[in-house]
Amino acid sequence: MERYGYQELVNDLEEICSGNPGIRYGVIGKSVMGKDIPYIAIGKGETHLHVNAGMHANEWLNVPCLMFFVKNYIKALNERSTFHGHSPELWFEEITLWVLPMLNPDGIELVLSGPQEDHPWKQELLELNGGETDFSNWKANIRGVDLNDQFPAFWQEEASRREKTRPGPRDFGGESPLSEPESVALASFTKERKFDAVIALHSQGQEVYWNYRNAEPVYSENWAVQLADAAGYKAVKLFGSDAGYKDWFILEFRRPGFTVETGLGVNPLPVSQYDTIAQEVERIMVTAMTLVSAKQNGE
């Protein structure tokens, strides 16, 4: 696999949904450049678990890694086989899993392909990137706004800490919270669905962050330890970070939210890490499904 961009994702989702009428396909909104931001929903349970990836452009490798889990889960459902020792059919009845694989399609395409000759914002993007044609360090959306610094959870504190006053490849949280269509779409989607727990996949560090300003449930740390153990990661109590999706979710809903930092190295992580990270993400997601199922059943 040399690349996994927006079209590869759309092709995968269409193939999955065409062969599985029980899998629901939808769109939470559009990117700055008008790309649909797709999701799929698997299951029909009353417990709602959400996972997203591809929020930061140069962390695109998490997108196919998340899809690796999705495909294997659906395959086990179709074959009525056990999945990591669990019954996927029982999960399907108990849990609705909302998968948003790529929040930032414009940014990911920029990292993978650069600004093509016909890109309407080529000159502006080159200026924001310091004249460099290599966009591999680009985290932001196409307008140079970091989507994970966009959420209304002590946004001003994060903006002051970052000291970024203009758009660029990373760390500029916008002129105000939720100024970007991608972050607005994710916040609206979250409010509409009222998820019981969320996981945001990022890279890198092999860590799981679980807390936010003491607003998290008392069991969040225990869940984080189990999620981290599943992949050989560390559960970390994080301080001095605000305005992220996980932060806002915990503050807004007082429910468990986790940021998972996959892999080790420099973003974008090398494709050679795909097999390892895909298996780690799958084990994390299996553990998450197990945890929300057990909570639903009062265990």
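Residues numbered from 1 in each chain as written. Predicted model: local features only at pLDDT ≥ 70, side-chain atom pairs only at ≥ 80, totals over all residues. Heavy atoms only, no water.

Student: Just give me the short version of the pairing of strand E3 (residues 47-52), but keep the residues and values in it.
Tutor: Regular strands show a simple pattern: their side chains alternate between the two faces of the sheet. Counted residue by residue, E3 has five buried out of six residues, so it is predominantly covered. Examined bridge by bridge, E3 and strand E4 (residues 95-100) share six bridges and lie parallel to one another. Its bridge partner lying in E4, Thr 47 is registered against Ile 95. In this structure, E3 lies alongside strand E5 (residues 197-203), joined through four bridges in parallel fashion. Looking at E5, one finds that His 50 is bridged to Val 198. (Buried < 20%, exposed > 50% of the residue type's maximum accessible area, 1.4 Å probe, protein only. Helix = DSSP H or I, 4+ residues; strand = E, 2+ residues; numbered from the N terminus. Pairing = 2+ DSSP bridges.)

Student: With reference to specific residues and values, describe unusual backbone geometry.
Tutor: Between Ser 203 and Gln 204 the backbone carries a cis peptide bond, its omega angle lying at 10°. Inspection of the secondary structure puts Gln 204 in the loop between E5 and strand E6 (207-209). Cis geometry is found at the peptide bond from Asn 267 to Pro 268, where omega equals -5°. Residue placement: Pro 268 occurs in the loop between strand E8 (257-262) and helix H10 (274-296). Its identity as a non-glycine residue notwithstanding, His 84 has a phi of 55°, on the positive side. Tracing the sequence through the fold places His 84 in the loop between helix H2 (62-79) and helix H3 (88-94). The backbone of Arg 254 sits at a positive phi, close to 55°, despite the residue not being glycine. Following the sequence through the fold, Arg 254 ends up in the loop between helix H9 (245-253) and E8.

Student: Report on the packing of helix H7 (residues 181-193) against H9, specifying residues and quantitative values.
Tutor: Contact geometry of H7 with H9 gives a least axis separation of 12 Å together with a crossing angle of 30°. Handedness of the H7/H9 crossing: right-handed. Mapping the contact onto sequence places Leu 186, Ala 187, Thr 190 and Lys 191 in H7 and Tyr 245, Trp 248, Phe 249, Glu 252 and Phe 253 in H9. Broken down by class, the residue content of the contact of H7 with H9 amounts to six nonpolar, one polar and two charged. (Axes fitted to C-alpha atoms, helices over the stretch in contact; angles between N-to-C directions. Left-handed = near helix turned anticlockwise from the far one by under 90°. Contact = heavy atoms within 4.5 Å. Nonpolar A, V, L, I, M, F, W, Y, C, P; charged D, E, K, R; others polar.)

Student: Can you lay out the environment of Gly 232 for me, pointing to particular residues and giving the numbers?
Tutor: In this structure, Gly 232 sits in the loop between helix H8 (220-231) and strand E7 (234-236). The exposure class assigned to Gly 232 is exposed, which follows from its relative accessible area of 57%. As for Gly 232 and Pro 181, which are separated by 51 residues in sequence, their C-alpha atoms are 35 Å apart.

Student: Report on the sheet that holds E3, specifying residues and quantitative values.
Tutor: The strand order across the open sheet formed by eight strands is E1-E2-E4-E3-E5-E8-E6-E7, and the pairing between neighbours is mixed. The strands lining the two open edges of the sheet, one partner per strand, are strand E1 (24-30) and E7. Ignoring strand direction, the axes of neighbouring strands in this sheet form an average angle of 20°.

Student: I'd like to hear about the pattern of salt bridges, residue by residue, with values.
Tutor: For the coordinates displayed, the defined rule picks out 21 salt bridges. In this structure, Lys 44 and Glu 93 form a salt bridge, with 3.5 Å as the shortest nitrogen-oxygen distance. You can see Lys 44 sitting in the loop between strand E2 (36-42) and E3 and its partner Glu 93 sitting in helix H3, a full 49 residues away along the chain. Where Asp 146 meets Lys 139, a salt bridge forms, and the shortest distance between an N and an O atom there is 3.9 Å. For the pair Asp 146 and Lys 139, one class covers both residues: buried. (Salt bridge = Lys/Arg side-chain N within 4 Å of Asp/Glu carboxyl O.)

Student: Could you give an account of the side chain of Glu 280, naming the residues involved and the relevant values?
Tutor: Relative to the helices and strands, Glu 280 resides in helix H10. Despite its burial, Glu 280 remains without a salt bridge, the nearest opposite charge being carried by Arg 283 at 4.8 Å. Side chain to side chain, Glu 280 and Tyr 233 meet in a polar contact 2.5 Å long. (Lys, Arg positive; Asp, Glu negative; His and termini not counted. Polar contact = N/O pair within 3.5 Å; in protein donor to acceptor, adjacent residues only side chain to side chain.)

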